[in-house]
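# Architecture and fold: a report
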Amino acid sequence: MSHDRRESGFKRRTRVADARAALLDAVTPHDRTETVPVEAADGRVVAEPIDAPAPVPGYDRAAMDGYAVRASDTFGAGDRSPAVLTAKPAETDAIAPGEAARVHTGSAVPEGADAVVMIERVEAVGDEVEVFDAVADGENVGEAGEDVADGQRCFEPGHVLRPSDLGLLRSVGLDQVRVREPPEVAVIPTGEELVESDPGPGEVIETNGLTVSRLVERWGGAARYRDVVTDDPDALREAVAADLDADVVVTTGGSSVGERDLIPEVVDELGEVLVHGVALKPGHPVCLGRAEGTPIVSLPGYPVALIVNAAQFLRPATKRAGGTDAEPFPRRRATLARKVASEPGVRTFARVTLSDPDGDGASSEEGVDALPTATPTRASGSGILSSVALADGWVVVPEPREGLDAGETVDVELWEVTP
């Protein structure tokens, strides 16, 4: 980083979308895979096509309680002239013409049967049953493979497995699945003022590395949470270089243009700086680069700025390294309680709390006509960690807007709800 850059600051800042695109172009999905038990695969990324080795169900099954019959034996049956069939015990393997067998929902339909008469339309009389409804071939019967056909493609590579997917995999007879290994993300906190505990004057307890490490793991990565590195160019260079075998390197602090902001210079020496300074608030002094093919995300040291930038840049980079793309955060429509100011050309992330229309808290259901209220937090500085820790989400003010007015309907991004 040049001396001129330190003096001039961030006169030109890259738009968020352009900065993210530049970073993602530097991310190469890794090709490491592993086989894990299905029950341990929630949230993992599928590594190879998964085809069903067996149909589900594996047999014709009753879709309701009743009697399994041959449909042709019920033709013409009605309330005044029921069809009279010979009753067979439940669990009978097969029935002959003129016979009926008791079945329960989900049980196998006996060989020879092709329909089920619901129990309400049958009356047992001794060794016989009277059927008061005519049924068609296949009526009330779930055919083998109705849920999943034999050999059917279940999931493609890149699919992120959900709990319901695990149930499907087990239902087709799979006990293991091939998935991508979690991407390795090295987390390097920096700053000579950082300590682990008992801070003295001018010292601060290290929290950024902890926060980022847990976010990485929530986003599907495996975090290497490193010890604090002081503001020394040789120490920083050695620390970053040592972790360039990771899929992504992320540093916290030291990303701006001050005398102790050495990370951009280190990145430039080890590789190249792709972006330094992004048009977003809070946290424009983010630095994005790469070295030896490894993307490097250098986050600002102020906690709120760090979290906002981690969500905008580190999350998609971690997802991409793991072989998938970051889905948009879930959103909730709300009415803005107070005006939110924003600088034109800058994307602003305003932290808000949500309350339901009756004022009973954010947990109530959103009404059809009455939206919850989004109230901007009073503490808005990028160093006020509680302003994001105690918020329910944030409202994004797009670059063309000079803020949002009270009473506007807005989308609140619930950035901590899902991975």
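Keep in mind that what you see is a predicted model, and the values were worked out from it rather than measured. (Residues numbered from 1 in each chain as written. Predicted model: local features only at pLDDT ≥ 70, side-chain atom pairs only at ≥ 80, totals over all residues. Heavy atoms only, no water.)

### Details of the overall build of the chain
Across its full length, the chain carries 8 helices and 26 strands. Here the C-alpha radius of gyration of the chain, 31 Å, is well above what a compact globule of 419 residues would show, namely 22 Å. Taken over the C-alpha atoms alone, the chain extends approximately 100 × 50 × 40 Å along its principal axes. The buried share of the chain, taken over its 419 residues, is 44%. (Helix = DSSP H or I, 4+ residues; strand = E, 2+ residues; numbered from the N terminus. Rg over C-alpha atoms; globule rule 2.2 N^0.38 Å. Buried < 20%, exposed > 50% of the residue type's maximum accessible area, 1.4 Å probe, protein only.)

### Thoughts on the side chain of Glu-206
With respect to the secondary-structure elements, Glu-206 resides in the loop between strand E15 (204-205) and helix H4 (208-218). A polar contact of 2.3 Å, which involves the side chain of Glu-206, links it to the side chain of Tyr-225. Beyond its immediate sequence surroundings of up to four residues, Glu-206 is in contact with Pro-189, Leu-194, Val-195, Glu-196, Tyr-225 and Val-228. (Polar contact = N/O pair within 3.5 Å; in protein donor to acceptor, adjacent residues only side chain to side chain. Contact = heavy atoms within 4.5 Å.)

### So, the confidence of the model for the chain
In the predicted model, the chain carries a mean pLDDT of 90, and the fraction of residues at 70 or more is 91%. Low pLDDT, under 50, characterises residues 360-367; the predicted model gives this stretch 15 contacts beyond four residues in sequence or across chains. (pLDDT = per-residue confidence, 0-100.)

### Re the environment of Ala-310
Tracing the backbone shows Ala-310 in helix H7 (residues 303-321). The class of Ala-310 is buried, set by a relative accessible area of 0%. Distance from Ala-310 to Leu-299, taken between C-alpha atoms, is 7.1 Å for residues 11 residues apart in sequence. Beyond its immediate sequence surroundings of up to four residues, Ala-310 is in contact with Leu-215, Trp-219, Leu-299 and Arg-315.

### Brief notes about the pairing of strand E5 (residues 83-88)
Successive side chains on a regular strand alternate, one facing one side of the sheet and the next facing the other. Pairing of E5 with strand E9 (residues 128-131), which is carried by 4 bridges, proceeds in the antiparallel orientation. Bridge assignment links Leu-85 to a residue of E9, and that residue is Val-129. With 3 bridges joining them, E5 and strand E6 (residues 99-103) adopt parallel strand pairing. Bridge pairing links Ala-87 to Ala-100 in E6. (Pairing = 2+ DSSP bridges.)

### Focus on the side chain of Asn-309
Mapped onto the fold, Asn-309 is located in helix H7. Residue class for Asn-309 comes out buried when judged on its relative accessible area of 0%. Among the polar contacts listed, one links the side chain of Asn-309 to the backbone oxygen of Ala-305, at a separation of 2.9 Å. Discounting chain neighbours no more than four positions away, the residues touching Asn-309 are Leu-280, Pro-282, Gly-283, Val-286, Leu-299, Pro-300 and Leu-314.

### What to know about the nonpolar core
Counting 33 residues, the largest nonpolar core has Val-297, Phe-313 and Leu-314 as its most contacted members. For this core, the secondary structure elements donating two or more residues are helix H2 (16-25), strand E13 (184-189), H4, strand E17 (248-252), strand E21 (294-299) and H7. The dominant element in this core, judged by the number of residues it contributes, is H7, at 10 residues. Those residues within four positions of Val-297 in sequence are excluded, and the remaining contacts are Leu-23, Val-248, Val-249, Val-250, Thr-251, Cys-287, Leu-288, Phe-313 and Leu-314. By size, the runner-up hydrophobic cluster in this structure holds 16 residues, among which are Ile-50, Val-56, Leu-166 and Val-172. (Core = buried A, V, L, I, M, F, W, Y, C linked by side-chain atoms within 4.5 Å.)

### Some thoughts on the pattern of salt bridges
Applying the stated rule across the entire model yields 28 salt bridges. In this structure, Glu-181 and Arg-32 form a salt bridge, with 3.3 Å as the shortest nitrogen-oxygen distance. A residue pair is termed long-range when its members are at least 10 positions apart, and Glu-181 in the loop between strand E12 (176-180) and E13 and Arg-32 in the loop between H2 and strand E1 (33-37) qualify at 149 residues. The exposure class assigned to Glu-181 is partly exposed, which follows from its relative accessible area of 27%. Linking Glu-34 and Arg-44 is a salt bridge whose minimum nitrogen-to-oxygen distance equals 2.5 Å. With Glu-34 in strand E1 and Arg-44 in the loop between E1 and strand E2 (50-51), this residue pair connects regions lying 10 residues apart in the sequence. (Salt bridge = Lys/Arg side-chain N within 4 Å of Asp/Glu carboxyl O.)

### Quick look at the sheet that holds strand E16 (residues 222-225)
Pairing is mixed across the open sheet formed by 6 strands, whose spatial order is E16-E13-E17-E21-E20-E18. A single partner strand is all that each edge strand has here, and the edge strands are E16 and strand E18 (272-276). Mean inter-strand twist for the sheet, computed between neighbouring axes without regard to direction, equals 20°. (Axes fitted to C-alpha atoms, helices over the stretch in contact; angles between N-to-C directions.)

### Here we look at unusual backbone geometry
Here the residue pair Val-56 and Pro-57 is connected by a cis peptide bond, since its omega of -10° sits within 30 degrees of zero. A cis amide bond links Lys-281 to the next residue, Pro-282, at an omega of 0°. With a phi angle near 50°, Asp-198 is a residue other than glycine that sits in the positive phi range. Looking at the element boundaries, Asp-198 is found in the loop between strand E14 (194-195) and E15. Owing to a relative accessible area of 69%, Asp-198 belongs among the exposed residues under this scheme.

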